[in-house]
Amino acid sequence: GTLEEAGNEEDLSFDELPDPNLSLQPGVELSTLDEWIRSGHAVYAEALWDHVTMEEEELAFKAGDVIRVLEASDRDWWWGVVADQEGWFPSSFVRGYIRQCRKHTAMFTPQQLNTIFSNIEDIYKFHRKFLKDLEKKYNKSEPHLSEIGSCFLLQGEGFSIYSEYCNNHPRATAELHRLMKLGRYRHFFEACRLLQQMIDISLAGFLLTPVQKICKYPLQLGELLKYTPEEHRDFKSVSDALDAMKKVARLINERKRRLESIDTIAHWQVTILHWEGEDVLGRSSELIHSGELNCVLRPGKTQQRTAFLFDHQLVFCKKDLLRRDLLHYRGRLDMDHMELRDLLDGRDSDLGACLKHAFKLQDSATGEACILSCRKPEEKQRWLEALREERQRVIEDQEIGMEISEHQRKQAILNARKSKRGNIKICVGCAVPLAHQPLHPLHQRHVTVPTSLPQQRVFSLAEPRRKPFYLWHSLAHYARLRK
């Protein structure tokens, strides 16, 4: 096939070329490429960088241009055509860091490449389309008449791909920092930069660019809206685009925070003794509140529990009799089916018991109820606020499309279990089990991207008060109880 048969060259992306088998793909050997050309096939390459010509016979092009390769007998310089212009161009300009790394399988595993570069190629393809939309809407002769707001609205959902990249960026930075300690990797990355005549910025700097870009959109649109008259045809579109990009920024920040949260939750769960049923992360990704509660069973009969309120579920644990810093699993409530009811102090007619600082959670499907009481009125008030907050959080997650993938949840649990096994291995021979590690206090949402949105309140984990542990006294007391 030819470019003329497929349409205008500028309308093609790398994945939309006439014959994918004849497009320059990662890992194609030079001999194979030259054989394709000599046999009469049309071979195409995608420019990753702008090429400014230095000699008359060199071919000038911009990043994203599709070049037809006419000769590739030399490894460094190829002869090609773009926009009816022919000339020599450096072959390295149609290859980037990623493609060079893929060629060196002895240095980089597929997992390493995925960690370092994440979905940066998807972001590149998305921005090629986005740039074309902007160029069509930009009025070069009269810039003040441009209408670019609709471009952000048209591609609004596409910006969500930044979430995966931003969440992965800390891991990419850590892996790159580790590799840069080794001389051959430092020299390799620098050689890639020099080969492509890129500006003097490290690979870490280039990898930071997508994170910086998504941070700037709300600010840039905010400035544009400030200087756009209300009667301008693009005013509403720019205003809607600003709201849309704030939503994208909020989603990215929230996903980043949730990913950190699920790691903490996974490490907490593996410390709970006698866990039953599915993992907390099967349905939840955030701890909203925790503290001491009394489960009222019947008149004069209560059970003290340490409760943990996550989105979608309330988990009950019991302190170990001897080791008060250890917790045993004792059940959970499905909050999606629970109705909250505040109870007044006094005698409850249904239970026949005198209640104080209590509230009821009742299953809307079965009618079964759980009555919980607190020691102080302020504790009850805080629990009521947290339970309402949990419902609101679930609704917001649905509205913004907050999702944590099944793979990420399972990986968090797997890592936590491996970490626990590693800790046990270190303490081989210890008669006393490892101390329960409480959850770290939850922090406010990350302020990575300026969204100008009010930050929601997140409760810190209320750790149980710990009394001094006197071993002999406890053992003697336990012996008396057994008698």
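Residues numbered from 1 in each chain as written. Predicted model: local features only at pLDDT ≥ 70, side-chain atom pairs only at ≥ 80, totals over all residues. Heavy atoms only, no water.

### Examining the side chain of Asn119
Tracing the backbone through its elements, the reader meets Asn119 in the loop between α4 (110–117) and α5 (120–137). Given a relative accessible area of 6%, Asn119 falls into the buried group. Leave out the neighbours within four places in its chain, and Asn119 touches Ile161, Glu164 and Tyr165. (Helix = DSSP H or I, 4+ residues; strand = E, 2+ residues; numbered from the N terminus. Buried < 20%, exposed > 50% of the residue type's maximum accessible area, 1.4 Å probe, protein only. Contact = heavy atoms within 4.5 Å.)

### Regarding the packing of aromatic side chains
Tallied over the full model, the rule gives 20 aromatic pairs. Where Phe61 meets Phe89, the ring centres are 5.8 Å apart and the plane angle is 85°; that geometry is what we call edge-to-face. Of this pair, Phe61 sits in the loop between β1 (43–46) and β2 (66–71) while Phe89 sits in strand β4 (residues 85–90), and the two are 28 residues apart along the sequence. Summarising the aromatic geometry, the rings of Phe108 and Phe189 are spaced 5.8 Å apart at their centres and angled 55° between planes, so their arrangement reads as tilted. Taken together, the residues Phe108 in the loop between α3 (97–103) and α4 and Phe189 in helix α8 (residues 183–195) connect sequence positions 81 residues apart. Phe189 matches Phe108 in its accessibility class, with the two residues each being buried. Through pairs of rings, three or more aromatic residues link up here, namely Phe126, Phe130, Phe152, Phe159, Tyr162 and Tyr217. (Phe/Tyr/Trp six-rings, centres within 6.5 Å; stacked < 30°, edge-to-face > 60°.)

### Overview of the pairing of strand β12 (residues 358–363)
When you tally the buried positions in β12, you get five out of six residues, the bulk of the element. Relative to β12, strand β9 (residues 338–342) runs antiparallel, the two being bridged by five bridges. By the bridge assignment, Glu339 is partnered in β12 with Gln362. When β12 meets strand β13 (residues 369–373), the two strands line up antiparallel, connected through five bridges. By the bridge assignment for β13, Ala358 is matched with Ser373. In textbook terms, the turn of a hairpin is the stretch between consecutive antiparallel strands, and for β12 and β13 this stretch comprises five residues, one of which, Gly367, has a positive phi near 85°. (Pairing = 2+ DSSP bridges.)

By themselves, these are just geometric observations and shouldn't be taken as functional.
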